[in-house]
Amino acid sequence: MKKERIFAGTSLIFGCILLIITMVLHPSGGSIEHILKVKTIIVVSHSIAIISLPFICFGSWGLTILLKTSSQLSYFAFIFICFGLVAAMIAGTINGITLPLFLSENSSTDPSQNQMLKYVCSYGNFINIPMDYIMIISFSITILIWSFLIIRTKRLSRYIGFFGIILIVLGMLLLFNAFNLVNLFGFSIFILGISSWIILVGYNLVSCKVPNEITSN
């Protein structure tokens, strides 16, 4: 069990480092001309984000097994994070890879053609926004459940559980007070918040002796 735990923790840390790199590289949005100008960095940054998702999924499965109890809440949380990871993959693929490649192949000086491209950009944005919210809500529910289980089972340091609950409560307060979590600034804050929690979990999985690791509650 120890080797699997270390592998899962390392996977979580590596996946989150890739996510943070993505947000550092991620350029701000803009006109079609701006997207074409920074096309390469858009594609590279979103490709890194997509690569990070399997690592986070694998590490999440390891955490799910560790926090398993008779209530099976941990599995329920894992299903939610899978929803979030799929939503992140769809959003990253469409807006981060498909859209800039499509624009580069179809850019034109024809005003009517450019108007069509603007409609395509708008359509991609309307796909991206709900996918971002699905990811935000799914990750929030997952972290909330796992934080509760960490506190209950004491299989990881309990401060991680309390930190996770505080993090999600603050995020929900921002969301309910109309803070935009799906623009570049707001989404960067969200990614930084969840990444800090996941990295703490990964570090504990790798470095700490876990009490009650085998015995279920």
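Before reading further, recall that the structure is shown in the block above.
Report follows, based on the coordinates.

Cut-off values and rules
- Residues numbered from 1 in each chain as written.
- Predicted model: local features only at pLDDT ≥ 70, side-chain atom pairs only at ≥ 80, totals over all residues.
- Heavy atoms only, no water.
- Helix = DSSP H or I, 4+ residues; strand = E, 2+ residues; numbered from the N terminus.
- Buried < 20%, exposed > 50% of the residue type's maximum accessible area, 1.4 Å probe, protein only.
- Areas by Shrake-Rupley, 256 points an atom, 1.4 Å probe, with all protein chains shown as cover.
- Lys, Arg positive; Asp, Glu negative; His and termini not counted.
- Charge placed at Lys NZ, Arg CZ, Asp CG, Glu CD.
- Patch = residues over 30% accessible without salt bridge, like charges linked within 9 Å, V, L, I, M, F, W, Y side chains within 5 Å.
- Salt bridge = Lys/Arg side-chain N within 4 Å of Asp/Glu carboxyl O.

**Things to note about the overall build of the protein**
Step number 1: The helix and strand inventory of the protein stands at seven helices and zero strands.
Step number 2: The order of α-helices and β-strands along the protein, N terminus first, is α-α-α-α-α-α-α.
Step number 3: Principal axes of the C-alpha set define a box for the protein whose edges measure 70 × 35 × 25 Å.
Step number 4: For the protein, the proportion of its 217 residues judged to be buried stands at 42%.
Step number 5: For the protein, the exposed area adds up to about 11,100 Å²; of that, 72% sits on carbon and sulfur atoms.
Step number 6: Taking the average location of the 12 positive side-chain charges in the protein and that of its 6 negative ones, the two points are 22 Å from each other.

**Some remarks on a nonpolar patch on the surface**
Step number 1: A cluster of nonpolar side chains, contributed by Ile17, Ile21, Leu25 and Val44, occupies part of the molecular surface with about 280 Å² of accessible area.
Step number 2: For the nonpolar patch, the element with the highest residue contribution is helix H1 (residues 2-25), accounting for three residues.
Step number 3: With respect to the element layout, Leu25 can be found in helix H1.
Step number 4: The class of Leu25 is partly exposed, set by a relative accessible area of 33%.

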